[in-house]
Amino acid sequence: MSVPVPSVDSEAPTYSEDREGNHMAVDLDSSVESKPPVDRNMSDAVFLVVMGVSGTGKSTLGAALSKALRLPFIDGDDLHPQSNVDKMSRGEPLTDADRRPWLETIRRTAVSSVLSQLGGDHGSHAEPSAETALDQHNMFGRSDHPSSSVRDKGQKPGIIIACSALKRSYRSVLRGETLSEAEASKHSGKLPTCFVHMKGSREVLTDRMMKRQGHFMKAAMLDSQLKTLESPENEEGVVTVSIEWSTEDQVQEVVKALEDGEGQQHIASKH
């Protein structure tokens, strides 16, 4: 069964703007309570992770996909605890122990967002820490969140989050595979998770890194990330795009993969 998606050219309201152009703050609690229950569950949604090493353009593609697919977008870097940001600013690589709570926060944030979009009793299972993360994004305007109160009735729920996700073990956390059975059973089905792998050469990435301003990632850490990267291309639910393609071409490749797949969990890898 194909996943219906709107035209790449369709316009999506941001999280803070309604259809008449009036700016509005999104309160997750109130939007969940005001939205009538819908006959859908978590398996109808999609969690799309835009992944790759630093400098690939994850945030740019994530924002473009948000517009094309009419789904909220969050830059996963904004969910790092301050201790992680401080380490990276000093040029210190993060350990797996540093990353684990960050990855868990990303997964909880995705689940919380989808539950709020589903509305009704679904929202009662949202993790408090994830709701807090989403509220902070709404307050500071650091992500594009189409409000659940203005989403089209036929719009499939979902969320897009940019995250490096370099190791297979990190992607397992993001897929929710490390959740206990008791934790997973809280939700109405399993949230399908797909990855968009942004792939590029060291030369192109180095050039991009040297031109970036105000980013805590040091260009000297690029080699470490490339060494750490475990390619996801043989995993299920992955589409690979070249960083040398235009953003429009990248978006169209992802949209095509979603349309061609038999549901969100069966996207064939693209090479």
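Residues numbered from 1 in each chain as written. Predicted model: local features only at pLDDT ≥ 70, side-chain atom pairs only at ≥ 80, totals over all residues. Heavy atoms only, no water.

**Q** Run through the overall build of the protein chain, naming residues and quoting values.
**A** Scanning the protein chain from terminus to terminus reveals ten helices and five strands. By the burial criterion, 51% of the 271 residues in the protein chain qualify as buried. Of the contacts made within the protein chain by residues no fewer than 6 positions apart, 80% connect residues no fewer than 24 positions apart. As displayed, the protein chain offers around 12700 Å² of accessible surface, 48% of which is attributable to carbon and sulfur atoms. (Helix = DSSP H or I, 4+ residues; strand = E, 2+ residues; numbered from the N terminus. Buried < 20%, exposed > 50% of the residue type's maximum accessible area, 1.4 Å probe, protein only. Contact = heavy atoms within 4.5 Å. Areas by Shrake-Rupley, 256 points an atom, 1.4 Å probe, with all protein chains shown as cover.)

**Q** Describe in detail the pairing of strand β5 (residues 238–242), supporting the description with residues and values.
**A** Of all five residues making up β5, four are buried, and the element is well covered by its neighbours. Bridging between strand β4 (residues 193–199) and β5 involves five bridges; their strand directions are parallel. In the sheet register, H197 faces β5, and the bridge partner there is T240. (Pairing = 2+ DSSP bridges.)

**Q** Please set out the pairing of strand β3 (residues 158–162) residue by residue, giving values where relevant.
**A** The buried count for β3 comes to five of five residues, which makes it a mostly enclosed element. Of the pairings in the sheet, the one linking strand β1 (residues 46–51) to β3 comprises five bridges and is parallel in character. Paired with F47 across the strands is I159, a residue of β3.

**Q** Any chance you could break down the packing of helix α4 (residues 96–118) against helix α6 (residues 168–175) for me, citing the residues and the numbers?
**A** At a minimum axis separation of 8 Å, α4 and α6 run at an interaxial angle of 30 degrees. Relative to α6, the element α4 is oriented roughly parallel. As α4 runs across α6, the sense of the crossing is right-handed. Touching D96, R99, R100, L103, E104, I106 and R107 of α4 are Y170, V173, L174 and R175, all from α6. Each residue belonging to the contact of α4 with α6 can be placed in one class, and the counts come to five nonpolar, no polar and six charged. (Axes fitted to C-alpha atoms, helices over the stretch in contact; angles between N-to-C directions. Parallel < 35°, antiparallel > 145°, perpendicular 65-115°, else oblique. Left-handed = near helix turned anticlockwise from the far one by under 90°. Nonpolar A, V, L, I, M, F, W, Y, C, P; charged D, E, K, R; others polar.)

**Q** With reference to specific residues and values, describe the packing of helix α2 (residues 58–69) against helix α10 (residues 247–260).
**A** Packing of α2 against α10 leaves a shortest axis separation of 10 Å and a crossing angle of 55 degrees. Considering their axes alone, α2 and α10 lie oblique with respect to each other. At the point where α2 passes α10, the crossing takes the right-handed sense. Along the contact surface, α2 presents T60, L61, A64, L65, A68 and L69, while α10 presents T247, Q250, V251, V254, V255 and L258. Partitioning the contact of α2 with α10 into residue classes produces nine nonpolar, three polar and no charged.

**Q** Any details on the sheet that holds strand β2 (residues 73–75)? Residues and values, ideally.
**A** On the basis of which strands lie adjacent, the open sheet formed by five strands has the order β2-β3-β1-β4-β5 and parallel pairing. Edge positions in the open sheet fall to β2 and β5, since each of these has one partner strand only. For this sheet, the mean angle separating the axes of adjacent strands, direction not counted, is 20 degrees. On top of the sheet, α4 reaches β1, β2, β3 and β4; it is set at about 155 degrees to β3, its chief contact. Packing against the sheet, α6 makes contact with β1, β4 and β5, and its axis sits at approximately 145 degrees to β4.

**Q** Can you lay out the side chain of S164 for me, pointing to particular residues and giving the numbers?
**A** Tracing the backbone shows S164 in the loop between β3 and α6. S164 gets classed as buried once you look at its relative accessible area, which sits at 15%. Those residues within four positions of S164 in sequence are excluded, and the remaining contacts are M51, G52, K58 and W102.

**Q** So, the environment of V111: which residues are in play, and what are the values?
**A** Mapped onto the fold, V111 is located in helix α4. Relative accessible area serves as the criterion here: at 7%, V111 is assigned to the buried category. Between the alpha carbons of V111 and K190 there is a distance of 9.3 Å; along the sequence they are 79 residues apart.

From the geometry alone we can't say anything about function, so treat these as descriptive.
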